[in-house]
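A closer look at the structure
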Amino acid sequence: MSRLHDFHRSLRVGNRAELGFIQFCSEAGVELEDLRHVEEWRQKDVDFRVKSRSGEPILVEVKADTYSDNIFLETESCVESQSPGWMLYSAADMLAYFRFAKGIFLLLPLPELREALSSQWAGQDTRRTLKNYHPVSGKTTTTSGYVVHERVLVEFVKKNSRAKIYMIPPEVLYDDSPEEYSGNPSVLGVAVRRYRDWE
């Protein structure tokens, strides 16, 4: 079953997540280079280049969802034109996936996530399509990918030392975050880190 998404609304949510990541890096004192408007990196679906505490450069792609506990990993951006999705071609080292309703974002190593998708999850009944409505043109396109429940990704975090869960800076949360996430939160047994815990 497909769900109809407003393309412009999805863009707004994505932009908000990007601002959230910029704010997080600012508070963490992390050096950040904005690549969103550099065509070479746009083609590779990479938003930012940041540095780890050890000075290692890390390429980051930012995504967001507000709909459910399921996370959508796009493998085909437009079924009609057979265009590959960001999950397959992004050159990012890490995926920052924002969950505004829970006040967190998951920082996931994209190559390992891609491998898990192909080897562990592909056989499960997780394939879904989304219908995207474009208000300006009035057209509808279809996006295809895997729907993975948050608890499955949390298990991935537990097994992968590079994967982390961080708290979204409150400045970009507005009223979406439950009150319990203002304290010392955890998600299914995994501690949620604050900006000062950036590695």
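One can find the structure itself at the top, above this paragraph.
Figured I'd write up the structure that's included with this text. Note that the structure is a prediction, hence the values are computed from the model and not measured.

Judged by how many residues are buried, strand β4 (residues 57–65) sits mostly within the fold: seven of nine residues are covered. Bridge analysis of strand β3 (residues 48–51) against β4 gives four bridges, and the strand direction is antiparallel. From the neighbouring strand, Lys51 faces β4, where its bridge partner is Pro57. Hairpin remark: β3 followed by β4, antiparallel, with five residues in the connecting loop; positive phi at Gly55, about 95°. Pairing geometry for β4 and strand β7 (residues 94–99), over six bridges, is parallel. Looking at the pairing, Glu61 lines up with Leu95 of β7.

For the structure shown, the criterion picks out six aromatic pairs. Relative to Tyr166, the ring of Phe24 has its centre 5.1 Å away and its plane inclined at 65°; by these criteria the two rings are edge-to-face. Here Tyr166 lies in strand β11 (residues 164–167) and Phe24 lies in helix α1 (residues 7–28), a separation of 142 residues in the sequence. For the ring pair Phe105 and Tyr166, a centre distance of 5.6 Å and an interplane angle of 25° mean the geometry is stacked. Taken as a pair, Phe105 in strand β8 (residues 104–109) and Tyr166 in strand β11 lie far apart in primary sequence, 61 residues in all. A relative accessible area of 2% means that Tyr166 is categorised as buried. Taken together, Phe21, Phe24, Phe48, Phe98, Phe105 and Tyr166 form an aromatic cluster joined through their ring pairs. Residue placement shows Lys44 over the ring face of Trp41; its charged tip is 4.9 Å from the ring centre.

Thresholds, definitions, all that
- Residues numbered from 1 in each chain as written.
- Predicted model: local features only at pLDDT ≥ 70, side-chain atom pairs only at ≥ 80, totals over all residues.
- Heavy atoms only, no water.
- Buried < 20%, exposed > 50% of the residue type's maximum accessible area, 1.4 Å probe, protein only.
- Helix = DSSP H or I, 4+ residues; strand = E, 2+ residues; numbered from the N terminus.
- Pairing = 2+ DSSP bridges.
- Phe/Tyr/Trp six-rings, centres within 6.5 Å; stacked < 30°, edge-to-face > 60°.
- Lys NZ or Arg CZ within 6 Å of the ring centre and 35° of its normal.

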